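Coordinates in review
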Amino acid sequence: MQAVESNIVSYAKVGADARTAADTGDRIEWIKLSLTYLPLATPVSDAKVLTGRQKPLTEIAFIFAEIRTRDGHEGIGFGYSKRAGGPGMYAHAKELAPNLIGEDPNDISRLFTKLLWAGASMGRSGLTTQAIAPFDIALWDMKAKRAGLPLAKLLGAQRDSVQCYNTSGGYLHTPLDQVLKNVAISRESGIGGIKLKVGQPDLSIDIERVRAVRKLLGDGFPLMVDANQQWDRQKATRACRAFEEFDLTWIEEPLDAHDFEGHGQLAERFDTAIATGEMLTSFDEHAQLILAGTDFIQPDAPRVGGITPFLKIMALGEFKQRKLAPHFAMEIHLHLAAAYGIEPWLEHFEWLGPLFNEQMHLKDGRMYVSDRPGLGFTLSEQARRWTPDTEEFGKRP
Ligand SMILES: [Mg+2]
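Keep in mind that what you see is a predicted model, and the values were worked out from it rather than measured. (Residues numbered from 1 in each chain as written. Predicted model: local features only at pLDDT ≥ 70, side-chain atom pairs only at ≥ 80, totals over all residues. Heavy atoms only, no water.)

All right, on to the coordination of the magnesium ion then. Tetrahedral coordination by four donors places them ideally at 109.5 degrees to one another around the metal; octahedral coordination by six donors ideally gives 90 or 180 degrees. Each protein donor to the magnesium ion is listed here as Asp226 (OD), Glu252 (OE) and Glu278 (OE); together their distances run 2.0 to 2.2 Å. All donors of the magnesium ion come from a single chain, and their spacing in sequence reads D-x25-E-x25-E. Placement of Asp226 in strand S6 (residues 223-226) and of Glu278 in the loop between strand S8 (274-276) and helix H12 (283-292) is noted, with a sequence separation of 52 residues between them. Given the relative accessible area of 0%, Asp226 is considered buried. Taking the relative accessible area as the measure of exposure, Glu278 reaches 6% and is therefore buried. (Donors = N, O, S within 2.8 Å, 3.2 Å for Na, K, Ca; no water. Helix = DSSP H or I, 4+ residues; strand = E, 2+ residues; numbered from the N terminus. Buried < 20%, exposed > 50% of the residue type's maximum accessible area, 1.4 Å probe, protein only.)

With that settled, the discussion passes to unusual backbone geometry. Despite not being glycine, Arg83 has its phi angle at roughly 60 degrees, a positive value. If you trace the backbone, Arg83 turns up in the loop between strand S3 (74-82) and helix H4 (86-96). For Arg83, a relative accessible area of 30% puts it in the partly exposed group. The backbone of Asp247 shows a phi angle near 50 degrees, a positive value even though the residue is not glycine. A residue is classified by how much of its surface remains accessible, and Asp247, at 53% relative accessible area, is exposed.

Here we take up the domain arrangement of the protein chain. Quite often, the size of an interface is put as the accessible area lost when its parts meet. For the protein chain, the domain assignment lists domain 1 (24-149 + 381-394) and domain 2 (152-368). Of the residues lining the interface, 41 residues belong to domain 1; the matching set on domain 2 comes to 39 residues. For the pairing of domain 1 and domain 2, the buried interface totals around 3100 Å² over both sides, and the portion due to carbon and sulfur atoms is 71%. Summed over the three residues of domain 1 that lose the most area to domain 2, namely Phe78, Tyr80 and Trp140, the buried surface amounts to 18% of that side. Taken together, the links from domain 1 to domain 2 amount to 0 salt bridges. Ranked by residue count, the leading element in the side of domain 1 that touches domain 2 is helix H6 (residues 127-147), at 10 residues. Considering only residue class, the side of domain 1 that touches domain 2 consists of 23 nonpolar, 10 polar and 8 charged. (Domains from an automatic or database assignment. Contact = heavy atoms within 4.5 Å. Buried area = accessible area lost by both parts, 1.4 Å probe. Salt bridge = Lys/Arg side-chain N within 4 Å of Asp/Glu carboxyl O. Nonpolar A, V, L, I, M, F, W, Y, C, P; charged D, E, K, R; others polar.)

Okay, structure coming up:
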């Protein structure tokens, strides 16, 4: 009887003294948002330009979020928009930022939900999620830095490098002889795969260009094509059939980005893999695509709202045995692809290089995760010069 009583006394004593993680947790004290315009050396065109739906791309708008905490931890993340939308995302991000001041930076899922509710009347995809992404990505960067680990390692890496392809040489505005020169240069530089834009009004021109590039590369070298959503189901079927002989790694966006059923049917029907998903802006949309069936999913962390929803897409994608080839922003996606359970592909774009002080490490067709903690990049002076507007929240530590 005596022993039981003493146990009760000591338990009560510990309870009175105990401090919880919420009591001792760090707090977000300062956020800086920047609107940055990255100019492109040459305006680029894909099939959306040829069909008159969009103008050539001349610059990309970036929204950077830099976050600091009471205990001195820092994180950086970004979202982006091609053509319209950058100033709108920036305006919404400025409305969201005060919701994070005073919050525990480690409660990333809760903060993602909080920001989603803050903009709930705008919906749960599109600009709403894309304006959340810079914050969410900055908080994951901070968490990995706090652990002293590259983000890939924090997430539980499956590999230290990811096979890597580019599209640099193969836009629709580029004449075929120049495409062949660009492809040769890319291969020399150590790229692991080449993607060509297709979707010309005349399919025979696409076939001629793909045939010439396949001949240059030889059998077996990974080659993909991207139609940027410009075919209907009939034309896509015809194109997929014509492309079967080229042993392509995938055919990207043969259909409208939201025709999940159509992409699933093409994936069923042809041996060549079908890839899509870059235009989707939430976990929910990706879940519909994954369940409808495609071979490769191509989520984009800045577009879906950050790393928090991206991790859910990865979990569902693995469960349904989808392959992964994230869209754009390799600086972020290298870490995520490195943690995927099925061998992924990484999309290489040199465009973002001038924004950061650090270089990415490409060797023998693969991009390597660096030993720098977090995402492993810092903003360059050049990026600051391309920034016409910034706004700060909270008090600078
Ligand atoms: Mg694409």
